[in-house]
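# Structure at a glance
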Amino acid sequence: TEAGTGGAGALYSRARSGGSWGAWCSGGISAGAQTAQGRYRRHQDGTQTCWQSVTTLTGGELAVTFPAAFASTTDLATTLGVSTATVGAISARFTGRTATGLNLSAFNTSNARVAVSVDIVTVGRWF
């Protein structure tokens, strides 16, 4: 990195993964990308956030893969938001969460599975 591009007192770091060193980074974000599963952002302090939108199934749980794997399930937090024009309450739930994904379902007030769009935000550690 060119001297002076980060400003006075800038802190630079890089991560080692798969036997090789990544690029030098300054600031709080180390990496981020859009994948087929959604978006993720990795921060230099080890925090990773994944965002994705999926449509649930009426016939069973939907297996959802995170856009990037987390280091573990320790302190992993997932928030679900249902986006639907359907009248009545819809409740989304996840089960079987691992460092790479979870199973997702949504239910109506009759406790029947419904197909609705669900936004998922998961925060945890990438190292």
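Our subject is the structure that appears above.
To continue, consider the sheet that holds strand 10 (residues 91-95). An order of 8-11-10 is seen for the three strands of this open sheet, with the pairing classed as antiparallel. For this open sheet the edge positions go to strand 8 (62-65) and strand 10, each flanked by a neighbour on one side alone. The average angle at which neighbouring strand axes cross in this sheet is 35 degrees, direction not considered. Of the pairings in the sheet, the one linking strand 10 to strand 11 (residues 101-107) comprises five bridges and is antiparallel in character. In the sheet register, phenylalanine 94 faces strand 11, and the bridge partner there is leucine 104.

Core analysis: the largest hydrophobic core is formed by 18 residues, its most contacted members being Val54, Val64, Phe66, Phe70, Leu104, Val116 and Ile120. Broken down by secondary-structure element, the contributors of at least two residues to this core are strand 7 (47-55), strand 8, strand 11 and strand 12 (117-125). Ranked by the residues each element gives to this core, the list is headed by strand 11, at three residues. Apart from the residues within four sequence positions on either side, phenylalanine 66 is in contact with Gln37, Cys50, Gln52, Leu76, Arg97, Thr98, Ala99, Thr100, Gly101, Leu102 and Thr122.

Let us look at the pairing of strand 12. As defined by bridge partners, strand 7 adjoins strand 12 across nine bridges and the pair is classed as antiparallel. Looking across to strand 12, one finds that glutamine 48 is bridged to glycine 124. Pairing analysis gives seven bridges linking strand 9 (residues 77-83) to strand 12, with the strands arranged antiparallel. Within strand 12, the residue paired with threonine 78 across the bridge is threonine 122.

Right, let's get into the pattern of salt bridges. Tallying each qualifying case throughout the model produces one salt bridge. Here glutamate 61 and arginine 93 are joined by a salt bridge, their closest N and O atoms 3.8 Å apart. Residue glutamate 61 is located in the loop between strand 7 and strand 8, and its partner arginine 93 is located in strand 10; the two are separated by 32 residues in the primary sequence. Accessibility expressed as a relative area gives 37% for arginine 93, which makes it partly exposed.

Cut-offs used in this document
- Residues numbered from 1 in each chain as written.
- Predicted model: local features only at pLDDT ≥ 70, side-chain atom pairs only at ≥ 80, totals over all residues.
- Heavy atoms only, no water.
- Pairing = 2+ DSSP bridges.
- Helix = DSSP H or I, 4+ residues; strand = E, 2+ residues; numbered from the N terminus.
- Axes fitted to C-alpha atoms, helices over the stretch in contact; angles between N-to-C directions.
- Core = buried A, V, L, I, M, F, W, Y, C linked by side-chain atoms within 4.5 Å.
- Buried < 20%, exposed > 50% of the residue type's maximum accessible area, 1.4 Å probe, protein only.
- Contact = heavy atoms within 4.5 Å.
- Salt bridge = Lys/Arg side-chain N within 4 Å of Asp/Glu carboxyl O.

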